[in-house]
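Structural features, examined
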Amino acid sequence: MKTFLKLKDALFSNWHITFLTICSLITSFYIIYEISLWSIINATFINDFQICKDNFNIGACWGFVYEKWETIFYSQYPTHISFRPILSSLILILPLLYIVIKKKFDISTFFILLVSCILSYFIMAGGFFFLENVDTRYFGGIFLTLFIGVFSNILGLPLALLLAFSRNSNNIFVRYSSAIFVEIFRGLPLIATLFVFVIIFPLITQDSINLDMFFIICIAFVFLNAAYLSEILRSGINSIPSNQIHSAKSLNFSKYQIICNIILPQVFVKMFTPLVNQFVSIMKESTLVSVVGMFDLLGSLNLALGDSQWRIFYIEGIIFVAAIYWLFCKILLIYADRVSEKFYKEYRL
Amino acid sequence: MLFIGLVNTIRVSFIAIILTTIFGLALSLLQISKILILEKISFFIIDTIKNIPVYVIIIFSFLTFNNFFTNIINPVVIIENVLIISRSGITIPWIFEFVVSYPELARFGITGGLDITPEFISLTLGLSIYTSAFVADIFSSAIRSFPKDFRDSASSLNFTKYQTLFFIVIPYSFRIISPSLVNQYINLLKNSSLGVGIGYPELLTVTQLSINTTGKTVEAISIMALIYFILSYFTSLFLNYTTNKSKI
């Protein structure tokens, strides 16, 4: 009854609020009705092109997703060994889910993700036991999105710490070189940085190292992410009061001890939410690799849309891909919320 | 050649910034309205847009507009000499070298006027929709954190609700939010380089083109980097100027 009264107060307290509520209710119900009509009631779920085409103006054709889900999920990977992309994607997803559910955030999460990254890469690449070797240019789909997201954070974090500490160092050379590195990566658009890497890397290495696109993109994302993360970490480091460090020095702590036992634990707790936000934004920005010629989730959707027959059903495909991205981002954001709540309870931040 | 790219980039980001501000303001007004259903709707919209990559939105709008415009076989005249829709986009009158040029139907296609291509429309719309979600959050948090005394004193001076909103709340909040707002605008400007994915001739596309034609990789890339740096730098200078000016 109390909630009912509260709801009544919120919805119909005033005549113009009542009017607006009714108007918005009617419009939203109309929109929801139309959307459900299009997406569920009139939709076709069979991958029969003729039925889908007859139904084109009336309802959605989820048959497109059903027909092309293999292409969307693992793009050009050889189809007779398609269990490997699924397995390696699961190896990347399950530890993430485990960490989210357990609300874990410590040094062990770092190693869990590192191990899962390495394992998933070797399962994709093969070349040992009974697994045949697959070239890295066939990597794609959901694996690539997840791998870039996780890998660039795992390797980017130590690099970012290094950059953040060197930005505060007393040595002018170290300080300025780190500042220039960070500012270049933050000043350029992400996609421009990717292009620069893709164009410049072969020029520098010439033929001495035969780097392919996959590694170049991974390195580019690690550097990019390190630059962005280092700014977050630096603001965390600067927010620690200097009297803590002075008192640690008076207790004869070494520099290494001060960093590991005093600065870092506080920085990671304080800057936890921005760090996860950066993870989410890197996850979203990994779509850009489809511009430079790797097929991530969006790129492989474009690959699937290359079939001129099914091309008219692009809306369904994009909704499907967007829903997957939404899900990943949402899971990570829920994790951020829950862990920061836990920190709030423990440390009273 | 790079100059044309720069002009196109600025054109896209300028219009997208205006649209973003309008959309973001509308969404944030929905969010702070005391009407529960409108709040939920705007929360849902913001939450959905925020968690979808910007490139997905741009590709979606590009496919939609491209489909729409390529299906037009004969040019359609909406308003004579003012608005013509054809395969190449929307044509409107424009000033070229101080002379107004009106679009006209000629024997082969359209002469005169300015073509607004489907790439331009989809890039602008995609960018502005994506950024508006972030901008809306900034606006609504600023309006929520608005001191209550100001509202009370405004109502004691017999301001109506809308007068309070437009003459007190919004001007005051603009001062607080301008750093984060300009940050989002710089992000938008940098994201406009995604036009390379849909074939809009902006700075990055043009740089790539000039690398392919001239082979001078390092020079072209450094000019591009310099231009982006200058753009972001001047935007932040402008920000500093406005914050200093609006200091109380």
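Attention here is on the structure that accompanies the text.

**Some remarks on the pattern of salt bridges**
Note that side chains of opposite charge can pair when their charged atoms are close. Under the criterion given, the structure shown has 6 salt bridges over all chains. With a closest N to O distance of 3.8 Å, Glu183 of chain A and Arg167 of chain A form a salt bridge. Within this pair, whereas Glu183 of chain A is found in helix α8 (residues 172–187), its partner Arg167 of chain A is found in helix α7 (residues 142–167), the two being separated by 16 residues in sequence. Here Lys50 of chain B ties to Asp137 of chain B by a salt bridge, and the two come within 2.6 Å at their closest N and O atoms. Of the two residues, Lys50 of chain B is situated in helix α2 (residues 36–50) and Asp137 of chain B in helix α4 (residues 118–144); the sequence distance between them amounts to 87 residues. Judged by its relative accessible area of 24%, Lys50 of chain B falls in the partly exposed class. Residue class for Asp137 of chain B comes out partly exposed when judged on its relative accessible area of 27%. A single salt-bridge network, built from bridges that share partners, covers Arg167, Glu183, Glu231 and Arg234 of chain A.

**Topic: the interface of chain A and chain B**
At the interface, 39 residues of chain A touch 35 residues of chain B. Taken over both partners, the interface formed by chain A and chain B buries close to 3,200 Å², and the fraction arising from carbon and sulfur atoms is 76%. We note a salt bridge from Asp47 of chain B to Lys330 of chain A, for which the minimum N-O separation is 2.8 Å. Considering every element that reaches the side of chain A that touches chain B, the biggest residue donor is helix α15 (residues 314–347) of chain A, with 9 residues.

**Considering the sheet that holds strand β8 (residues 114–116) of chain B**
All names here are of chain B. Pairing in this open sheet of 4 strands is antiparallel, and the strands run β1-β2-β3-β8 from one edge to the other. Since the sheet does not close on itself, it has two edges, and those belong to β1 (76–79) and β8, each with one partner. Here the average twist between neighbouring strands, direction ignored, is 25 degrees. With 3 bridges connecting them, strand β2 (residues 83–86) and strand β3 (residues 89–92) associate as antiparallel partners. Counterpart to Ser86 in the pairing with β3 is Gly89.

**Quick look at the side chain of Thr9 of chain B**
Tracing the chain through its elements places Thr9 of chain B in helix α1 (residues 2–32). For Thr9 of chain B, a relative accessible area of 1% translates into the label buried.

**What to know about the pairing of β3 of chain B**
Along a regular strand, successive side chains alternate from one face of the sheet to the other. All names here are of chain B. Two successive antiparallel strands, β2 and β3, enclose a turn made up of 2 residues. Both β3 and β8 contribute to a ladder of 3 bridges, which runs antiparallel. Bridge pairing links Ile90 to Ile116 in β8.

**Some details on helix α6 (residues 161–191) of chain B**
The end-to-end C-alpha separation of α6 of chain B is 37 Å, well short of the 45 Å expected for 31 residues at 1.5 Å each. Bending of α6 of chain B peaks at approximately 65 degrees at the position of Ile177 of chain B, with proline Pro179 of chain B no more than four residues after it.

**Quick notes on a nonpolar patch on the surface**
Residues and elements named next belong to chain A. Together, Tyr66, Trp69, Ile86, Leu90, Leu94, Leu97 and Ile101 line one region of the surface with nonpolar side chains, adding up to about 660 Å² of accessible area. Every element with two or more residues in the nonpolar patch is listed here: α4 (63–74) and α5 (83–102). Ranked by residues supplied to the nonpolar patch, first place goes to α5 with 5 residues. Structurally, the position occupied by Ile86 is in helix α5. When its relative accessible area of 38% is taken as the criterion, Ile86 is described as partly exposed.

Rules and cut-offs
- Residues numbered from 1 in each chain as written.
- Chains lettered and ligands numbered in written order.
- Predicted model: local features only at pLDDT ≥ 70, side-chain atom pairs only at ≥ 80, totals over all residues.
- Heavy atoms only, no water.
- Salt bridge = Lys/Arg side-chain N within 4 Å of Asp/Glu carboxyl O.
- Helix = DSSP H or I, 4+ residues; strand = E, 2+ residues; numbered from the N terminus.
- Buried < 20%, exposed > 50% of the residue type's maximum accessible area, 1.4 Å probe, protein only.
- Contact = heavy atoms within 4.5 Å.
- Buried area = accessible area lost by both parts, 1.4 Å probe.
- Pairing = 2+ DSSP bridges.
- Axes fitted to C-alpha atoms, helices over the stretch in contact; angles between N-to-C directions.
- Expected span 1.5 Å × (residues − 1).
- Bend = angle between axes of the 7 residues up to and from the residue.
- Patch = residues over 30% accessible without salt bridge, like charges linked within 9 Å, V, L, I, M, F, W, Y side chains within 5 Å.
- Areas by Shrake-Rupley, 256 points an atom, 1.4 Å probe, with all protein chains shown as cover.

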